[in-house]
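Below are the chains, spelled out letter by letter.
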Amino acid sequence: MPKAKITFQDINQTVTVPVGSRVIDVSERVSAGIVYGCREGDCGTCLMQVVEGAQHLTEPSVVEAKVLRDHHAGRHQRLACQAQVLGDCVVKPA
């Protein structure tokens, strides 16, 4: 299975993960600072900044794109619950 590296800049930790892993799952596993409230109905709380490698994440879905617009997200911001790792990238909490 193909692998990729994701670096969480806030905790200075790099993790090798299977391609297709959701950023939020990896963040939770390593206790990075990307928080989320979607389990409590607060969509958009897992907003993260993609520092490097934005092209190595899946494209935003229609739903994610709408949430990003609704939250006035910047160009390199994504929802960690939606973004899947396709190649090496660096992220941090927004």
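Before reading on, note that the structure itself is shown above.
Residues numbered from 1 in each chain as written. Predicted model: local features only at pLDDT ≥ 70, side-chain atom pairs only at ≥ 80, totals over all residues. Heavy atoms only, no water.

*Asks:* How should I be thinking about the overall build of the protein in this particular structure?
*Replies:* Secondary structure summary: the protein contains 2 helices and 5 strands in total. For the protein, the succession of helices and strands along the chain, N to C, is β-β-α-β-α-β-β. In summary, the protein has a C-alpha radius of gyration of 12 Å against a globular reference of 12 Å for 94 residues, a match within 12%. Projecting the C-alpha coordinates of the protein onto the three principal axes gives extents of approximately 35 × 25 × 20 Å. Scored against the burial criterion, the 94 residues of the protein give a buried share of 39%. Considering only contacts within the protein whose residues lie at least 6 apart along the sequence, 59% involve residues at least 24 apart. Of the roughly 5400 Å² that the protein leaves accessible, carbon and sulfur atoms contribute 50%. Averaged over its 10 positive side-chain charges, the protein has a centre that lies 4 Å from the centre of its 10 negative ones. (Helix = DSSP H or I, 4+ residues; strand = E, 2+ residues; numbered from the N terminus. Rg over C-alpha atoms; globule rule 2.2 N^0.38 Å. Buried < 20%, exposed > 50% of the residue type's maximum accessible area, 1.4 Å probe, protein only. Contact = heavy atoms within 4.5 Å. Areas by Shrake-Rupley, 256 points an atom, 1.4 Å probe, with all protein chains shown as cover. Lys, Arg positive; Asp, Glu negative; His and termini not counted. Charge placed at Lys NZ, Arg CZ, Asp CG, Glu CD.)

*Asks:* Would you mind showing me how to read the state of the cysteines here?
*Replies:* The full count for this structure, using the stated rule, is 0 disulfides. With no disulfide partner, cysteine 46 has as its closest neighbouring cysteine sulfur the one in cysteine 81, 3.7 Å distant. Look at cysteine 46 and you get buried, because its relative accessible area is 3%. Cysteine cysteine 89 remains unbridged, with the sulfur of cysteine 46 as its closest cysteine sulfur at 14 Å. Residue classification places cysteine 89 among the buried residues on the basis of a relative accessible area of 3%. (Disulfide = S-S within 2.5 Å.)

What is shown is where atoms sit, not what they do.
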